[in-house]
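Summary of structural features
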Amino acid sequence: SKSFEQVIARHETLRTTFREIDGEPVQVIGSAGEFVLPLDDLSGLPDSRREEAVREAASVEVRRPFRLDQDRPIRAR
């Protein structure tokens with residue numbers, strides 16, 4: 001997660017959200033801060049099930065929308 005924090009600190013676009021003020025979109029650049037990298041421990045699954053579990057998790061993640069008024073436009077898992 002430290003690597004992600006360094007990349008985010010260098011690139012304002014990865015810290016940018018958009019708010020609506022008086023009916024107009026406004027760009028808000030947040031501070032770099034901490035990046036939490038969620039980890040999914042699949043070690044308890046049998047080998048035959050792990051790849052399927054990864055594919056399922058990736059499929060769910062790729063369909064999850066960004067809320068550009070709240071979420072940074074970067075994700076990792």
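Going by the structure above, here's the rest.
So, here is what we can say about the structure in this document.

Parameters and conventions
Residues numbered from 1 in each chain as written. Predicted model: local features only at pLDDT ≥ 70, side-chain atom pairs only at ≥ 80, totals over all residues. Heavy atoms only, no water. Helix = DSSP H or I, 4+ residues; strand = E, 2+ residues; numbered from the N terminus. Rg over C-alpha atoms; globule rule 2.2 N^0.38 Å. Buried < 20%, exposed > 50% of the residue type's maximum accessible area, 1.4 Å probe, protein only. Contact = heavy atoms within 4.5 Å. Areas by Shrake-Rupley, 256 points an atom, 1.4 Å probe, with all protein chains shown as cover. Salt bridge = Lys/Arg side-chain N within 4 Å of Asp/Glu carboxyl O. Phe/Tyr/Trp six-rings, centres within 6.5 Å; stacked < 30°, edge-to-face > 60°. Lys NZ or Arg CZ within 6 Å of the ring centre and 35° of its normal. Pairing = 2+ DSSP bridges. Core = buried A, V, L, I, M, F, W, Y, C linked by side-chain atoms within 4.5 Å.

This brings us to the overall build of the protein. Within the protein one finds 2 helices and 2 strands. In the protein, the succession of α and β elements from N to C terminus is α-β-β-α. Relative to the 2.2 N^0.38 estimate, which gives 11 Å for 77 residues, the radius of gyration of the protein is 16 Å and therefore markedly larger than a compact globule would have. For the protein, the spread of C-alpha atoms along the principal axes amounts to about 55 × 25 × 15 Å. Split into buried and exposed, the 77 residues of the protein put 13% on the buried side. Pairs at least 24 residues apart make up 51% of the contacts formed inside the protein by residues separated by at least 6 positions. For the protein, the accessible area works out to roughly 6,100 Å², and carbon and sulfur atoms hold 53% of it.

In this structure the tally under the stated criterion is 9 salt bridges. Across the pair arginine 55 and glutamate 51 runs a salt bridge, and its minimum N-O distance is 2.6 Å. With arginine 55 and glutamate 51 both in helix 2 (residues 47-63), this residue pair falls 4 residues apart, about one helical turn. Of the two residues, arginine 55 and glutamate 51, both sit in the exposed class. Taken together, the shared-partner salt bridges in this structure form one network comprising Arg49, Glu52 and Glu56.

On to the packing of aromatic side chains, then. Following the criterion strictly, the structure yields 1 aromatic pair and no others. Pairing phenylalanine 4 with phenylalanine 35 gives two aromatic rings, centres 5.0 Å apart and planes at 25°, and the pair type is stacked. With phenylalanine 4 in helix 1 (residues 2-10) and phenylalanine 35 in the loop between strand 2 (24-29) and helix 2, the pair connects residues that are 31 residues apart, well separated along the chain. The ring of phenylalanine 66 has arginine 75 lying over it, and the distance from NZ or CZ to the ring centre is 3.8 Å.

Looking now at the pairing of strand 1 (residues 16-21). Pairing between strand 1 and strand 2: 6 bridges, direction antiparallel. By the bridge assignment for strand 2, threonine 16 is matched with isoleucine 29.

This paragraph deals with the nonpolar core. In terms of nonpolar packing, the biggest core is built from 5 residues, these being Ile8, Leu14, Phe35, Ile74 and Ala76. Those residues in contact with alanine 76 that sit more than four places away from it in its chain are Phe4, Phe35, Leu37 and Pro38.

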